[in-house]
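Listed below, chain by chain, are the residues.
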Amino acid sequence: MADSFLENYIPLSDPLPPRSRENPVNPYSEIGQDKFVYETTNGKTGGTFVEIGAHDYIISSNTYRLEKECGWYGIGIELDRRFEHGWLQHRPNSKFITANALSLDYNKLFSQFNMPSVIDYVSVDIDPSESTLAALVQLLNTSTDYRFNIVTFETDYYSNQNTREPSRKILMDAGYILVKPGVCGWLGEQDDFYVHHTIHQ
């Protein structure tokens, strides 16, 4: 495992430095999703990802450091076209798709971009949390030719208690094991981290 990725990594229990004129961006995920993926894959290089709710190419990105430091590539899916330019300019290994994640056919999308049948990581994080749940259902229902080794799912339980339990049932029924439940951000419980049963140790 390359030490450079973890060097100076902010512990999950510590808040990220606030963005300011002196520190305009922080290329970490919000609550350590990228660190979890890195450690779970033993520092894999050349991995693959799908980021549903891609948003900014770097700020609070779950995949930026995986791409830049470990040579990963993948697909960023985002409804807001304003973020497209940043991805095109700064994330050359990956594809940015402006689309509604709730209506995509993921089998067709992944085939179009020659994604492998086993994708290392998928992040599901769109607002509001009800849409995140709908996006998860759409993903699993229309990606039957593919499997994901790692899933991070944003429940935003601190603000909405209606998505955590349904999402857990959906993912567990699909063969995913909840290894880090209720990972907290600044405001409270925010994410669940899963691995597929075939890679669980």
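Higher on the page you've got the structure.
Residues numbered from 1 in each chain as written. Predicted model: local features only at pLDDT ≥ 70, side-chain atom pairs only at ≥ 80, totals over all residues. Heavy atoms only, no water.

S.K.: Looking at this model, I keep getting lost on the environment of Ser60. Mind explaining?
M.R.: Along the chain, Ser60 turns up in the loop between strand E1 (48–52) and helix H3 (64–70). Classification of Ser60 by relative accessible area gives partly exposed; the value is 24%. Between the C-alpha atoms of Ser60 and Tyr28, which are 32 residues apart in sequence, the distance is 5.6 Å. (Helix = DSSP H or I, 4+ residues; strand = E, 2+ residues; numbered from the N terminus. Buried < 20%, exposed > 50% of the residue type's maximum accessible area, 1.4 Å probe, protein only.)

S.K.: For this particular structure, what's the right way to read the packing of aromatic side chains?
M.R.: Ring pairs (aromatic) are described by centroid distance and by the angle formed between their planes. Under the counting rule described, the total for this entry stands at 6 aromatic pairs. Between Tyr106 and Phe110 the ring centres are 5.7 Å apart and the planes differ by 50 degrees, which places this aromatic pair in the tilted class. Taken together, the residues span about one helical turn, with Tyr106 and Phe110 both in helix H5 (residues 106–112) at a distance of 4 residues. Look at Tyr106 and you get buried, because its relative accessible area is 0%. The class of Phe110 is buried, set by a relative accessible area of 0%. For the pair Phe110 and Phe148, a centre-to-centre distance of 6.2 Å together with 80 degrees between the ring planes defines the contact as edge-to-face. Pair noted here: Phe110 is in helix H5 and Phe148 is in strand E5 (residues 147–154), with a separation of 38 residues, a long-range link. Side by side, Phe110 and Phe148 carry an identical accessibility label, which is buried. Chaining the aromatic ring pairs together yields one cluster made of Tyr106, Phe110, Tyr146 and Phe148. The ring of Trp87 has Arg91 lying over it, and the distance from NZ or CZ to the ring centre is 4.1 Å. The positively charged end of Arg164 is found above the aromatic ring belonging to Tyr157, 3.9 Å away from the centroid. (Phe/Tyr/Trp six-rings, centres within 6.5 Å; stacked < 30°, edge-to-face > 60°. Lys NZ or Arg CZ within 6 Å of the ring centre and 35° of its normal.)

S.K.: Hey, could you run me through a nonpolar patch on the surface in this one?
M.R.: Residues Tyr158, Trp186 and Leu187 make up a contiguous nonpolar surface patch of about 400 Å² in total accessible area. Its place among the elements puts Leu187 in the loop between strand E6 (176–185) and strand E7 (188–196). (Patch = residues over 30% accessible without salt bridge, like charges linked within 9 Å, V, L, I, M, F, W, Y side chains within 5 Å. Areas by Shrake-Rupley, 256 points an atom, 1.4 Å probe, with all protein chains shown as cover. Salt bridge = Lys/Arg side-chain N within 4 Å of Asp/Glu carboxyl O.)

S.K.: Looking at this structure, how should I read the side chain of Thr63?
M.R.: With respect to the secondary-structure elements, Thr63 resides in the loop between E1 and H3. You can call Thr63 buried: its relative accessible area is 0%. Thr63 has contacts with Phe49, Glu51, Trp87, Arg91 and Tyr121, leaving out every residue within four places of it along the chain. (Contact = heavy atoms within 4.5 Å.)

S.K.: What exactly am I supposed to notice about the nonpolar core here?
M.R.: One finds Ile52, Ile77, Tyr106 and Phe110 to be the most contacted residues of the largest nonpolar core, which totals 28 residues. At the level of elements, E1, strand E2 (73–78), H5, strand E4 (118–124), helix H6 (129–141), E5 and E6 are the ones that each hand at least two residues to this core. Sorting elements by how many residues they give to this core places H6 first, with 4 residues. Contacts of Ile77, omitting those with residues within four sequence positions, involve Val50, Glu51, Ile52, Gly53, Ala54, Ile97, Ala99, Ala101, Leu104, Tyr106 and Leu109. In terms of nonpolar packing, the next biggest core, distinct from the first, is built from 20 residues, Leu66, Phe96, Tyr121 and Phe193 among them. (Core = buried A, V, L, I, M, F, W, Y, C linked by side-chain atoms within 4.5 Å.)

The analysis is restricted to geometry; functional conclusions fall outside its scope.
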